[in-house]
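# Report on the structure
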Amino acid sequence: MGTTTPGRRRGTDDMQPLHGITVLDLTHMLSGPYGTMTLADLGARTIKVEPPGKGEGTRELLAGHPDYSRDGMGAYFMTLNRSKESVCIDLKQDAGRAVFYDLVRHADVVFDNFGAGVTHRLKIDHETLAAINPRIITCSVTGFGETGPDTHRPAFDQVVQGMGGAMSITGRPDDVPVRGGIPMGDLGGGIFGAMGVLAALQALHTTGVGRHVDVSMLDVQISLLNYMATMHLMSGHVPGRIGNSHMVHVPYNTFQTSDGHIIIACIGDAFFERFRKVVSRPELLRPEYLKQPARYADRERIDAIINEELGRNTSAYWLEKLRAARVPCGPVNDFAQALSDPQIVARDMVVEVPLPGGTSVPMPGIPMKFSDSATPEFGAPPTLGRDTRSVLGELLGYDAAQIDALRDANAIQ
(Lines give C-alpha, C1' and ligand atoms only; values in the text may rest on other atoms or scores of the structure.)
Protein backbone atom coordinates (compact mmCIF):
# COMPACT_ATOMS: atom_id res chain seq x y z
CA MET A 1 0.00 0.00 0.00
CA GLY A 2 0.97 3.66 -0.24
CA THR A 3 3.02 5.62 2.26
CA THR A 4 1.65 8.16 4.72
CA THR A 5 3.64 11.27 5.53
CA PRO A 6 4.18 11.53 9.32
CA GLY A 7 2.34 14.46 10.83
CA ARG A 8 0.19 15.15 7.79
CA ARG A 9 -2.81 14.88 10.09
CA ARG A 10 -1.71 15.09 13.67
CA GLY A 11 -2.49 12.44 16.22
CA THR A 12 -5.17 10.29 14.60
CA ASP A 13 -3.78 9.29 11.19
CA ASP A 14 -3.14 5.65 12.00
CA MET A 15 -6.65 5.22 13.42
CA GLN A 16 -8.45 6.30 10.25
CA PRO A 17 -9.97 3.60 8.00
CA LEU A 18 -7.90 4.46 4.90
CA HIS A 19 -4.59 4.92 6.70
CA GLY A 20 -1.85 3.55 4.43
CA ILE A 21 -3.71 4.21 1.17
CA THR A 22 -2.20 6.71 -1.27
CA VAL A 23 -4.41 8.49 -3.79
CA LEU A 24 -3.16 10.49 -6.76
CA ASP A 25 -5.78 13.17 -7.26
CA LEU A 26 -6.09 14.50 -10.82
CA THR A 27 -9.49 16.07 -10.22
CA HIS A 28 -10.87 19.55 -10.78
CA MET A 29 -14.12 21.49 -10.25
CA LEU A 30 -16.53 19.65 -7.90
CA SER A 31 -17.46 16.03 -8.63
CA GLY A 32 -13.93 14.63 -8.57
CA PRO A 33 -12.56 16.80 -5.75
CA TYR A 34 -15.54 15.88 -3.56
CA GLY A 35 -14.80 12.19 -4.11
CA THR A 36 -11.11 12.57 -3.25
CA MET A 37 -11.96 14.85 -0.31
CA THR A 38 -14.05 11.99 1.06
CA LEU A 39 -11.11 9.59 0.69
CA ALA A 40 -8.78 12.13 2.35
CA ASP A 41 -11.26 12.62 5.19
CA LEU A 42 -11.19 8.85 5.72
CA GLY A 43 -7.43 8.90 6.14
CA ALA A 44 -5.99 8.33 2.66
CA ARG A 45 -2.85 10.23 1.78
CA THR A 46 -4.19 12.30 -1.11
CA ILE A 47 -1.67 13.93 -3.43
CA LYS A 48 -3.23 16.50 -5.71
CA VAL A 49 -1.41 16.46 -9.04
CA GLU A 50 -1.85 19.89 -10.64
CA PRO A 51 -0.65 21.45 -13.89
CA PRO A 52 2.15 24.02 -13.57
CA GLY A 53 1.20 27.66 -13.86
CA LYS A 54 -2.07 28.37 -12.08
CA GLY A 55 -2.81 24.82 -10.97
CA GLU A 56 -6.30 23.42 -10.81
CA GLY A 57 -8.85 25.82 -12.30
CA THR A 58 -10.92 26.25 -9.16
CA ARG A 59 -7.97 27.68 -7.24
CA GLU A 60 -9.04 31.06 -8.62
CA LEU A 61 -12.75 30.65 -7.89
CA LEU A 62 -13.75 33.20 -5.20
CA ALA A 63 -10.03 33.59 -4.40
CA GLY A 64 -10.27 37.37 -4.03
CA HIS A 65 -13.76 37.58 -2.58
CA PRO A 66 -13.89 39.73 0.58
CA ASP A 67 -16.23 37.32 2.39
CA TYR A 68 -15.51 33.93 0.88
CA SER A 69 -11.71 33.75 0.74
CA ARG A 70 -8.80 33.39 3.15
CA ASP A 71 -5.06 33.27 2.48
CA GLY A 72 -5.70 33.71 -1.25
CA MET A 73 -8.00 30.66 -1.45
CA GLY A 74 -11.73 30.67 -2.06
CA ALA A 75 -14.13 28.66 0.09
CA TYR A 76 -14.78 26.33 -2.85
CA PHE A 77 -11.15 25.24 -3.26
CA MET A 78 -10.17 25.22 0.42
CA THR A 79 -13.11 22.99 1.43
CA LEU A 80 -12.67 20.41 -1.30
CA ASN A 81 -8.90 20.21 -0.90
CA ARG A 82 -8.37 20.11 2.85
CA SER A 83 -5.80 17.58 4.05
CA LYS A 84 -4.40 17.12 0.54
CA GLU A 85 -0.86 17.65 -0.75
CA SER A 86 -0.07 19.54 -3.96
CA VAL A 87 2.46 18.42 -6.53
CA CYS A 88 2.82 20.29 -9.84
CA ILE A 89 3.64 18.07 -12.82
CA ASP A 90 3.30 18.78 -16.53
CA LEU A 91 1.63 15.59 -17.78
CA LYS A 92 1.94 16.77 -21.38
CA GLN A 93 5.75 16.44 -21.21
CA ASP A 94 7.47 13.08 -21.38
CA ALA A 95 9.66 14.05 -18.42
CA GLY A 96 6.64 15.06 -16.38
CA ARG A 97 4.79 11.88 -17.30
CA ALA A 98 7.79 9.84 -16.19
CA VAL A 99 7.57 11.48 -12.76
CA PHE A 100 3.86 10.66 -12.62
CA TYR A 101 4.56 7.04 -13.57
CA ASP A 102 7.01 6.86 -10.64
CA LEU A 103 4.25 8.14 -8.35
CA VAL A 104 1.92 5.45 -9.70
CA ARG A 105 4.42 2.81 -8.61
CA HIS A 106 3.95 4.02 -5.03
CA ALA A 107 0.20 4.68 -5.17
CA ASP A 108 -2.99 2.68 -4.71
CA VAL A 109 -5.53 4.88 -6.49
CA VAL A 110 -5.58 7.38 -9.36
CA PHE A 111 -8.79 9.43 -9.41
CA ASP A 112 -9.80 11.84 -12.19
CA ASN A 113 -12.82 13.61 -13.62
CA PHE A 114 -11.40 14.55 -16.98
CA GLY A 115 -13.61 14.40 -20.04
CA ALA A 116 -13.86 10.99 -21.66
CA GLY A 117 -10.73 10.17 -23.68
CA VAL A 118 -8.40 12.63 -21.93
CA THR A 119 -6.57 9.99 -19.91
CA HIS A 120 -5.82 8.05 -23.10
CA ARG A 121 -4.48 11.18 -24.80
CA LEU A 122 -2.26 11.90 -21.79
CA LYS A 123 -1.17 8.24 -21.65
CA ILE A 124 -2.40 7.84 -18.07
CA ASP A 125 -5.36 5.53 -18.75
CA HIS A 126 -5.89 2.39 -16.69
CA GLU A 127 -4.23 0.02 -19.16
CA THR A 128 -1.09 2.16 -19.30
CA LEU A 129 -0.89 2.59 -15.53
CA ALA A 130 -1.68 -1.08 -14.82
CA ALA A 131 1.35 -2.05 -16.91
CA ILE A 132 3.41 0.02 -14.44
CA ASN A 133 1.58 -1.07 -11.28
CA PRO A 134 -0.82 -4.04 -11.69
CA ARG A 135 -2.42 -3.24 -8.33
CA ILE A 136 -3.38 0.29 -9.29
CA ILE A 137 -7.05 1.27 -9.06
CA THR A 138 -8.21 4.05 -11.34
CA CYS A 139 -11.50 5.94 -11.17
CA SER A 140 -12.93 8.32 -13.74
CA VAL A 141 -16.06 10.39 -13.04
CA THR A 142 -17.52 11.82 -16.23
CA GLY A 143 -20.84 13.30 -17.27
CA PHE A 144 -22.03 10.33 -19.32
CA GLY A 145 -19.57 7.52 -18.68
CA GLU A 146 -17.07 5.85 -20.98
CA THR A 147 -19.51 3.85 -23.12
CA GLY A 148 -22.65 4.72 -25.05
CA PRO A 149 -23.48 7.36 -27.69
CA ASP A 150 -23.04 10.42 -25.41
CA THR A 151 -19.62 9.53 -24.05
CA HIS A 152 -17.84 12.60 -25.40
CA ARG A 153 -20.51 15.17 -24.52
CA PRO A 154 -19.53 17.67 -21.80
CA ALA A 155 -21.81 17.98 -18.79
CA PHE A 156 -22.06 19.88 -15.56
CA ASP A 157 -24.32 19.50 -12.55
CA GLN A 158 -27.59 20.97 -13.79
CA VAL A 159 -27.32 19.22 -17.14
CA VAL A 160 -27.38 15.78 -15.52
CA GLN A 161 -29.95 16.88 -12.94
CA GLY A 162 -32.24 17.80 -15.82
CA MET A 163 -31.51 14.73 -17.94
CA GLY A 164 -31.75 12.39 -14.95
CA GLY A 165 -35.43 13.05 -14.33
CA ALA A 166 -35.29 14.48 -10.80
CA MET A 167 -35.89 18.07 -11.89
CA SER A 168 -39.17 17.03 -13.50
CA ILE A 169 -40.58 16.13 -10.07
CA THR A 170 -39.00 19.01 -8.13
CA GLY A 171 -41.06 22.14 -7.57
CA ARG A 172 -44.74 22.97 -7.54
CA PRO A 173 -47.22 21.69 -10.14
CA ASP A 174 -47.99 25.19 -11.46
CA ASP A 175 -44.36 26.29 -11.74
CA VAL A 176 -41.22 25.45 -13.72
CA PRO A 177 -38.97 22.46 -12.93
CA VAL A 178 -36.43 23.28 -10.22
CA ARG A 179 -32.93 21.91 -9.71
CA GLY A 180 -31.86 20.69 -6.29
CA GLY A 181 -30.55 23.48 -4.08
CA ILE A 182 -27.26 21.61 -3.64
CA PRO A 183 -25.42 20.30 -6.73
CA MET A 184 -26.40 16.64 -6.45
CA GLY A 185 -25.29 15.93 -10.01
CA ASP A 186 -21.70 16.75 -9.11
CA LEU A 187 -21.77 15.58 -5.51
CA GLY A 188 -23.45 12.29 -6.43
CA GLY A 189 -20.71 11.57 -8.96
CA GLY A 190 -18.04 12.15 -6.32
CA ILE A 191 -19.82 10.02 -3.72
CA PHE A 192 -20.25 7.06 -6.06
CA GLY A 193 -16.68 7.49 -7.31
CA ALA A 194 -15.42 7.17 -3.73
CA MET A 195 -17.66 4.13 -3.16
CA GLY A 196 -16.37 2.51 -6.34
CA VAL A 197 -12.79 3.03 -5.18
CA LEU A 198 -13.56 1.46 -1.81
CA ALA A 199 -15.17 -1.54 -3.51
CA ALA A 200 -12.14 -1.93 -5.80
CA LEU A 201 -9.79 -1.73 -2.81
CA GLN A 202 -11.74 -4.54 -1.15
CA ALA A 203 -11.59 -6.65 -4.33
CA LEU A 204 -7.83 -6.06 -4.47
CA HIS A 205 -7.49 -8.08 -1.25
CA THR A 206 -8.84 -11.19 -2.98
CA THR A 207 -7.62 -10.76 -6.56
CA GLY A 208 -4.32 -8.92 -6.08
CA VAL A 209 -5.16 -6.94 -9.23
CA GLY A 210 -6.42 -3.39 -9.57
CA ARG A 211 -9.30 -2.34 -11.77
CA HIS A 212 -10.89 0.70 -13.37
CA VAL A 213 -14.02 2.36 -11.95
CA ASP A 214 -16.18 4.16 -14.54
CA VAL A 215 -18.76 6.50 -12.95
CA SER A 216 -21.28 8.46 -15.00
CA MET A 217 -22.90 11.42 -13.28
CA LEU A 218 -26.05 10.75 -15.31
CA ASP A 219 -26.06 7.10 -14.22
CA VAL A 220 -25.91 8.27 -10.61
CA GLN A 221 -28.96 10.50 -11.10
CA ILE A 222 -30.90 7.54 -12.54
CA SER A 223 -29.84 5.37 -9.60
CA LEU A 224 -31.11 8.02 -7.18
CA LEU A 225 -34.59 7.84 -8.74
CA ASN A 226 -34.72 4.44 -7.04
CA TYR A 227 -38.22 3.13 -6.24
CA MET A 228 -39.90 5.94 -8.18
CA ALA A 229 -38.19 4.73 -11.36
CA THR A 230 -39.39 1.19 -10.65
CA MET A 231 -42.95 2.47 -10.19
CA HIS A 232 -42.80 4.21 -13.57
CA LEU A 233 -41.27 1.21 -15.31
CA MET A 234 -43.98 -1.03 -13.85
CA SER A 235 -46.92 1.21 -14.67
CA GLY A 236 -45.94 3.59 -17.42
CA HIS A 237 -47.18 6.49 -15.27
CA VAL A 238 -44.99 9.59 -15.48
CA PRO A 239 -44.87 11.38 -12.10
CA GLY A 240 -45.15 15.15 -11.94
CA ARG A 241 -44.27 17.89 -9.50
CA ILE A 242 -46.10 17.82 -6.16
CA GLY A 243 -44.14 20.42 -4.22
CA ASN A 244 -43.22 19.27 -0.73
CA SER A 245 -46.10 16.85 -0.34
CA HIS A 246 -45.86 13.07 -0.68
CA MET A 247 -47.41 10.73 -3.21
CA VAL A 248 -48.60 8.35 -0.47
CA HIS A 249 -48.44 9.83 3.03
CA VAL A 250 -50.73 12.51 4.51
CA PRO A 251 -49.93 14.83 6.22
CA TYR A 252 -46.41 14.94 4.85
CA ASN A 253 -45.53 18.47 3.82
CA THR A 254 -44.07 21.85 4.67
CA PHE A 255 -46.53 23.86 6.75
CA GLN A 256 -46.53 27.56 7.54
CA THR A 257 -46.54 28.77 11.14
CA SER A 258 -46.87 32.34 12.36
CA ASP A 259 -43.10 32.90 11.99
CA GLY A 260 -41.77 30.35 9.53
CA HIS A 261 -42.18 26.84 8.18
CA ILE A 262 -41.97 23.37 9.69
CA ILE A 263 -42.02 19.84 8.31
CA ILE A 264 -44.56 17.27 9.47
CA ALA A 265 -44.09 13.71 8.22
CA CYS A 266 -46.82 11.29 9.32
CA ILE A 267 -45.70 8.08 7.65
CA GLY A 268 -48.35 5.60 8.64
CA ASP A 269 -51.68 5.71 10.45
CA ALA A 270 -50.24 5.55 13.98
CA PHE A 271 -48.39 8.86 13.57
CA PHE A 272 -51.55 10.56 12.31
CA GLU A 273 -53.46 9.38 15.36
CA ARG A 274 -50.82 11.04 17.54
CA PHE A 275 -50.76 14.12 15.34
CA ARG A 276 -54.45 14.90 15.63
CA LYS A 277 -54.16 14.97 19.42
CA VAL A 278 -51.77 17.89 18.98
CA VAL A 279 -53.64 19.66 16.18
CA SER A 280 -57.08 18.89 17.52
CA ARG A 281 -59.29 20.43 14.89
CA PRO A 282 -62.75 18.77 14.76
CA GLU A 283 -62.46 18.40 10.98
CA LEU A 284 -59.51 16.03 11.48
CA LEU A 285 -61.39 13.72 13.84
CA ARG A 286 -63.38 11.94 11.13
CA PRO A 287 -63.04 8.17 11.79
CA GLU A 288 -62.15 7.41 8.18
CA TYR A 289 -59.07 9.63 8.46
CA LEU A 290 -57.47 7.02 10.68
CA LYS A 291 -56.72 5.12 7.45
CA GLN A 292 -54.39 6.42 4.74
CA PRO A 293 -56.70 6.07 1.70
CA ALA A 294 -59.25 8.51 3.10
CA ARG A 295 -56.55 10.98 4.13
CA TYR A 296 -54.92 10.80 0.73
CA ALA A 297 -58.24 11.41 -1.03
CA ASP A 298 -58.71 14.57 1.07
CA ARG A 299 -55.04 15.58 1.24
CA GLU A 300 -55.54 19.15 -0.04
CA ARG A 301 -58.32 19.79 2.48
CA ILE A 302 -56.28 18.28 5.33
CA ASP A 303 -53.21 20.31 4.44
CA ALA A 304 -55.27 23.51 4.30
CA ILE A 305 -56.74 22.83 7.76
CA ILE A 306 -53.28 22.17 9.19
CA ASN A 307 -51.83 25.33 7.64
CA GLU A 308 -54.69 27.39 9.06
CA GLU A 309 -54.23 25.97 12.55
CA LEU A 310 -50.43 26.13 12.59
CA GLY A 311 -50.54 29.75 11.51
CA ARG A 312 -52.01 30.62 14.91
CA ASN A 313 -48.70 30.07 16.71
CA THR A 314 -44.93 29.94 16.25
CA SER A 315 -42.71 27.19 14.86
CA ALA A 316 -41.11 26.67 18.28
CA TYR A 317 -44.53 26.23 19.90
CA TRP A 318 -45.68 23.59 17.43
CA LEU A 319 -42.37 21.74 17.30
CA GLU A 320 -42.31 21.40 21.07
CA LYS A 321 -45.81 19.91 21.10
CA LEU A 322 -45.19 17.62 18.11
CA ARG A 323 -41.91 16.33 19.53
CA ALA A 324 -43.56 15.64 22.88
CA ALA A 325 -46.14 13.52 21.03
CA ARG A 326 -43.33 11.81 19.07
CA VAL A 327 -44.64 12.99 15.72
CA PRO A 328 -41.85 13.22 13.10
CA CYS A 329 -41.24 16.92 12.55
CA GLY A 330 -38.55 19.53 12.15
CA PRO A 331 -37.90 23.15 11.28
CA VAL A 332 -36.98 24.38 7.82
CA ASN A 333 -33.58 25.72 8.81
CA ASP A 334 -31.51 28.27 6.98
CA PHE A 335 -27.73 27.67 6.87
CA ALA A 336 -27.07 29.55 10.11
CA GLN A 337 -29.69 27.52 11.96
CA ALA A 338 -28.64 24.19 10.43
CA LEU A 339 -24.93 24.64 11.15
CA SER A 340 -25.54 25.69 14.75
CA ASP A 341 -28.06 22.95 15.57
CA PRO A 342 -26.98 21.25 18.84
CA GLN A 343 -27.25 17.81 17.21
CA ILE A 344 -24.92 18.90 14.39
CA VAL A 345 -22.45 20.43 16.84
CA ALA A 346 -22.51 17.34 19.06
CA ARG A 347 -21.59 15.11 16.13
CA ASP A 348 -18.61 17.23 14.99
CA MET A 349 -20.31 18.20 11.75
CA VAL A 350 -18.69 21.64 11.90
CA VAL A 351 -14.92 21.37 12.20
CA GLU A 352 -12.00 23.78 12.22
CA VAL A 353 -9.56 23.35 9.35
CA PRO A 354 -6.17 25.09 9.50
CA LEU A 355 -5.07 27.42 6.72
CA PRO A 356 -1.56 27.97 5.36
CA GLY A 357 -1.31 31.38 7.06
CA GLY A 358 -1.79 29.92 10.52
CA THR A 359 -5.47 30.75 11.05
CA SER A 360 -8.36 28.33 10.59
CA VAL A 361 -11.79 28.25 9.00
CA PRO A 362 -14.91 26.25 9.94
CA MET A 363 -16.17 23.70 7.41
CA PRO A 364 -18.61 20.77 7.29
CA GLY A 365 -17.28 17.66 9.02
CA ILE A 366 -17.35 13.96 8.13
CA PRO A 367 -20.77 12.24 8.15
CA MET A 368 -19.28 8.78 8.80
CA LYS A 369 -18.37 7.96 12.39
CA PHE A 370 -16.25 4.95 13.37
CA SER A 371 -16.27 3.28 16.76
CA ASP A 372 -12.49 3.06 17.07
CA SER A 373 -11.41 6.43 15.71
CA ALA A 374 -12.16 9.99 16.71
CA THR A 375 -12.88 12.85 14.35
CA PRO A 376 -9.52 13.47 12.66
CA GLU A 377 -7.54 16.66 12.73
CA PHE A 378 -7.54 18.09 9.23
CA GLY A 379 -4.61 19.35 7.24
CA ALA A 380 -4.53 22.73 5.54
CA PRO A 381 -5.51 22.94 1.87
CA PRO A 382 -2.22 23.17 -0.01
CA THR A 383 -0.73 26.16 -1.72
CA LEU A 384 0.18 25.39 -5.33
CA GLY A 385 3.10 22.97 -5.58
CA ARG A 386 3.73 23.14 -1.84
CA ASP A 387 4.68 19.46 -1.63
CA THR A 388 6.39 18.86 -4.98
CA ARG A 389 9.91 18.73 -3.56
CA SER A 390 9.03 16.73 -0.42
CA VAL A 391 6.91 14.14 -2.25
CA LEU A 392 9.48 13.58 -4.98
CA GLY A 393 12.28 13.40 -2.44
CA GLU A 394 10.67 11.40 0.37
CA LEU A 395 8.29 9.18 -1.58
CA LEU A 396 10.26 8.66 -4.79
CA GLY A 397 13.80 9.08 -3.53
CA TYR A 398 14.74 11.79 -6.03
CA ASP A 399 17.79 13.78 -4.99
CA ALA A 400 17.99 17.55 -5.07
CA ALA A 401 19.84 17.62 -8.39
CA GLN A 402 17.12 15.52 -10.09
CA ILE A 403 14.37 17.72 -8.74
CA ASP A 404 16.15 20.90 -9.75
CA ALA A 405 16.71 19.56 -13.28
CA LEU A 406 13.03 18.69 -13.63
CA ARG A 407 12.09 22.14 -12.37
CA ASP A 408 14.48 23.84 -14.78
CA ALA A 409 12.95 21.82 -17.64
CA ASN A 410 9.47 23.00 -16.52
CA ALA A 411 8.39 19.40 -16.07
CA ILE A 412 7.50 20.18 -12.45
CA GLN A 413 6.82 23.27 -10.39
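Source: prediction; values computed, not measured. (Residues numbered from 1 in each chain as written. Predicted model: local features only at pLDDT ≥ 70, side-chain atom pairs only at ≥ 80, totals over all residues. Heavy atoms only, no water.)

### Focus: the nonpolar core
The test is simple: The criterion is simple. A nonpolar core is a set of buried Ala, Val, Leu, Ile, Met, Phe, Trp, Tyr and Cys residues joined through side-chain atoms within 4.5 Å. A simple rule labels every residue: compare its accessible area, found with a 1.4 Å probe on the protein chains alone, to the largest value its type can have, and call it buried under 20%, exposed over 50%, or partly exposed in between. Each helix corresponds to a stretch of at least 4 residues labelled H or I by DSSP, and each strand to a stretch of at least 2 residues labelled E; elements are numbered beginning at the N terminus.
With 29 residues, the main nonpolar core has Phe100, Ile124 and Leu392 as its most contacted residues. For this core, the elements supplying multiple residues, two or more each, are strand 2 (45-50), helix 3 (94-105), helix 4 (118-122), helix 15 (388-395) and helix 16 (400-408). Within the second largest apolar cluster, 24 residues are counted, among which are Leu18, Ile21, Leu42 and Ala194.

### Overview of the sheet that holds strand 6 (residues 109-112)
Basically, it comes down to this: Pairing between two strands requires that DSSP report at least two bridges joining them. Here the axes come from fitting lines to C-alpha atoms, over the contacting stretch only for helices, and the angles between their N-to-C directions go from 0 to 180 degrees. Here, residues are in contact when the closest pair of their heavy atoms is within 4.5 Å.
Strand order across the open sheet formed by six strands is 5-2-1-6-7-8, with parallel pairing between neighbours. Looking at which strands have only one partner, the edges of the open sheet turn out to be strand 5 (85-88) and strand 8 (212-216). For this sheet the average axis-to-axis angle between neighbouring strands, irrespective of direction, equals 20°. Sheet topology places strand 7 (residues 137-142) next to strand 8; five bridges connect them, and they run parallel. Residue pairing for strand 8: Thr142 is matched across the bridge by Ser216. The strands that helix 8 (residues 217-235) touches are strand 7 and strand 8; relative to strand 8, the one it contacts most, it runs at about 70°.

### So, the confidence of the model for the chain
Threshold: Looking at any residue, its pLDDT shows the predictor's confidence there, from 0 to 100.
For the chain, per-residue confidence averages 95 on the pLDDT scale, and 97% of positions sit at 70 or higher. When the criterion is pLDDT under 50, residues 1-11 qualifies, and its contacts beyond four places in sequence or with other chains add up to 39 contacts.

### A closer look at the pattern of salt bridges
Going by this rule: Each reported salt bridge corresponds to a side-chain nitrogen of Lys or Arg within 4 Å of a carboxyl oxygen of Asp or Glu.
Counting across every chain of the model gives 21 salt bridges. A salt bridge links Asp102 to Arg105, with the nearest nitrogen and oxygen atoms 2.6 Å apart. Placement of both Asp102 and Arg105 in helix 3 is noted, with a separation of three residues, approximately one turn of the helix. Classification of Asp102 by relative accessible area gives partly exposed; the value is 23%. Among the residues examined, Arg105 registers a relative accessible area of 47% and is labelled partly exposed. One network of salt bridges, with partners in common, ties together Arg281, Glu283, Glu308, Glu309 and Arg312.

### Some points on the sheet that holds strand 10 (residues 261-265)
Judged by pairing direction, the sheet is antiparallel, and its three strands sit side by side in the order 9-10-11 without closing on themselves. Single-partner strands in this sheet number two, and they are strand 9 (252-256) and strand 11 (329-331). Going across the sheet, the axis of each strand differs from the next one's by a mean of 20°, ignoring polarity. In the sheet, strand 10 pairs with strand 11 via three bridges, with the strands oriented antiparallel. What sits directly across from Ile262, in strand 11, is Pro331.

### A few points about the pairing of strand 2
Short version of the rule: Handedness rule for crossovers: strands pointing away from the viewer, path from the first strand over the helix to the second running clockwise, crossover right-handed.
Among the six residues of strand 2, six are classified as buried, and the element is accordingly described as predominantly covered. Every second residue of strand 2 is oriented toward a common face, with Arg45, Ile47 and Val49 on one face and Thr46, Lys48 and Glu50 on the other, all of them buried. Pairing between strand 1 (residues 22-25) and strand 2: four bridges, direction parallel. Within strand 2, the position partnered with Asp25 by the bridge is Lys48. One crossover worth recording links strand 1 to the parallel strand 2 by way of helix 1 (residues 31-41), and it is right-handed. Pairing of strand 2 with strand 5 involves four bridges; the strand directions are parallel. Paired with Lys48 across the two strands is Ser86, which belongs to strand 5.

### Considering the pairing of strand 12 (residues 350-354)
A one-sided burial pattern is seen for strand 12, the buried positions being Val351 and Val353 and the unburied ones Val350, Glu352 and Pro354. The pairing of strand 12 with strand 13 (residues 360-364) spans five bridges and is antiparallel. Looking at strand 13, one finds that Pro354 is bridged to Ser360. Between the end of strand 12 and the start of strand 13, which pair antiparallel, lie five residues, with Gly358 showing a positive phi angle near 105°.

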